[in-house]
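Chain by chain, the residues run as shown.
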Amino acid sequence: MLNAYLFCLLAGMVLISLSLNDDVSGDGEGGPLSLLFSTPFWSFGLTGFGLSGLLMQLLVGNSAGWFSQLIALSIGGGMGLAATRLLRMIGRREADSLVRSDDLIGLEGVVTLAMDAEQRGFVELSVRGTLLRRPALSCKGALAPNTKVVVVASDDHTLRVETLQPPSL
């Protein structure tokens, strides 16, 4: 049985490594039985069966017999089902890294080029881990460089900003 566990462990690891290089799992849609015919199910199922069976064989020995095989089969099947469902759930999520003008309203930034209500300047903002530099106009009076501001509106490609008021004690 040790050879069967080793074979399943290696086969599962090969399938997982191949799926990392290429999308061989399909679209992931279908009924409940389609889970049993998916690459992630067999990849993680074989790996789980082989690894748990191998560990039980080495730690407990042959004394457990069919009981260790049943446990290894349950762990492998559970890992296969869990991996398939998790990958399906992740595959359905949409990635949206587009920064829209409305996303900037309410964000804090720093003036990098002086501005007033008539003369445009520039503001740097941190949005979703990216530093953006956008043209801006002051809503009230002149703003010097290094002034902390908050975006209150966005007109086309120009932001409207006000100074950030320090919290009162």
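In what follows, the structure referred to is the one given above.
Description of the structure in this document. (Residues numbered from 1 in each chain as written. Predicted model: local features only at pLDDT ≥ 70, side-chain atom pairs only at ≥ 80, totals over all residues. Heavy atoms only, no water.)

1. Quick look at the overall build of the chain
So, step 1. Across its full length, the chain holds 4 helices and 5 strands.
So, step 2. Listing each helix as α and each strand as β along the chain from the N terminus yields α-α-α-α-β-β-β-β-β.
So, step 3. In the chain, which comprises 169 residues, the share counted as buried stands at 28%.
So, step 4. Across the chain, every contact between residues at least 6 apart in sequence was considered, and the portion connecting residues at least 24 apart equals 54%.
So, step 5. For the chain, the exposed area adds up to about 11300 Å²; of that, 62% sits on carbon and sulfur atoms. (Helix = DSSP H or I, 4+ residues; strand = E, 2+ residues; numbered from the N terminus. Buried < 20%, exposed > 50% of the residue type's maximum accessible area, 1.4 Å probe, protein only. Contact = heavy atoms within 4.5 Å. Areas by Shrake-Rupley, 256 points an atom, 1.4 Å probe, with all protein chains shown as cover.)

2. Points about the nonpolar core
So, step 1. By size, the foremost hydrophobic cluster in this structure holds 13 residues, and its most contacted members are Met-115, Val-123, Leu-125, Leu-159 and Val-161.
So, step 2. For this core, the element with the most residues is strand β2 (residues 121-127), which contributes 3 residues.
So, step 3. Sequence-distant contacts of Val-123, that is, excluding residues within four places in its chain, are made with Gly-109, Val-110, Val-111, Thr-112, Met-115, Leu-132, Arg-133, Arg-134, Ala-136, Val-149 and Val-161. (Core = buried A, V, L, I, M, F, W, Y, C linked by side-chain atoms within 4.5 Å.)

3. Here's the deal with the packing of aromatic side chains
So, step 1. Under the defined criterion, the tally for this structure stands at 3 aromatic pairs.
So, step 2. A ring pair is formed by Phe-41 and Trp-42, whose centres lie 5.2 Å apart and whose planes are at 85 degrees; its orientation type is edge-to-face.
So, step 3. For Phe-41, a relative accessible area of 9% gives the class buried.
So, step 4. For Trp-42, a relative accessible area of 44% translates into the label partly exposed.
So, step 5. Arg-133 extends its terminal NZ or CZ atom over the ring of Phe-122, reaching a point 4.6 Å from the ring centre. (Phe/Tyr/Trp six-rings, centres within 6.5 Å; stacked < 30°, edge-to-face > 60°. Lys NZ or Arg CZ within 6 Å of the ring centre and 35° of its normal.)

4. Structural notes on the pattern of salt bridges
So, step 1. Here the structure, examined in full by the defined rule, presents 1 salt bridge.
So, step 2. Two residues, Arg-160 and Asp-155, come together in a salt bridge whose shortest N-O distance is 3.0 Å. (Salt bridge = Lys/Arg side-chain N within 4 Å of Asp/Glu carboxyl O.)

5. What about helix α3 (residues 66-92)?
So, step 1. Over its 27 residues, α3 runs 39 Å from end to end, which matches the ideal 39 Å to within 8%, given 1.5 Å per residue.
So, step 2. When we look at burial in α3, the residues that qualify are Ser-68, Ala-72, Gly-76, Gly-80, Ala-83, Thr-84 and Arg-88. (Expected span 1.5 Å × (residues − 1).)

6. A closer look at the pairing of strand β5 (residues 158-163)
So, step 1. Pairing of strand β3 (residues 130-138) with β5, which is carried by 3 bridges, proceeds in the parallel orientation. Bridging from a neighbouring strand, Leu-137 pairs with Arg-160 of β5.
So, step 2. Where strand β4 (residues 148-155) and β5 come together, 6 bridges link them in antiparallel fashion. Paired with Ser-154 across the bridge in β5 is Leu-159. (Pairing = 2+ DSSP bridges.)

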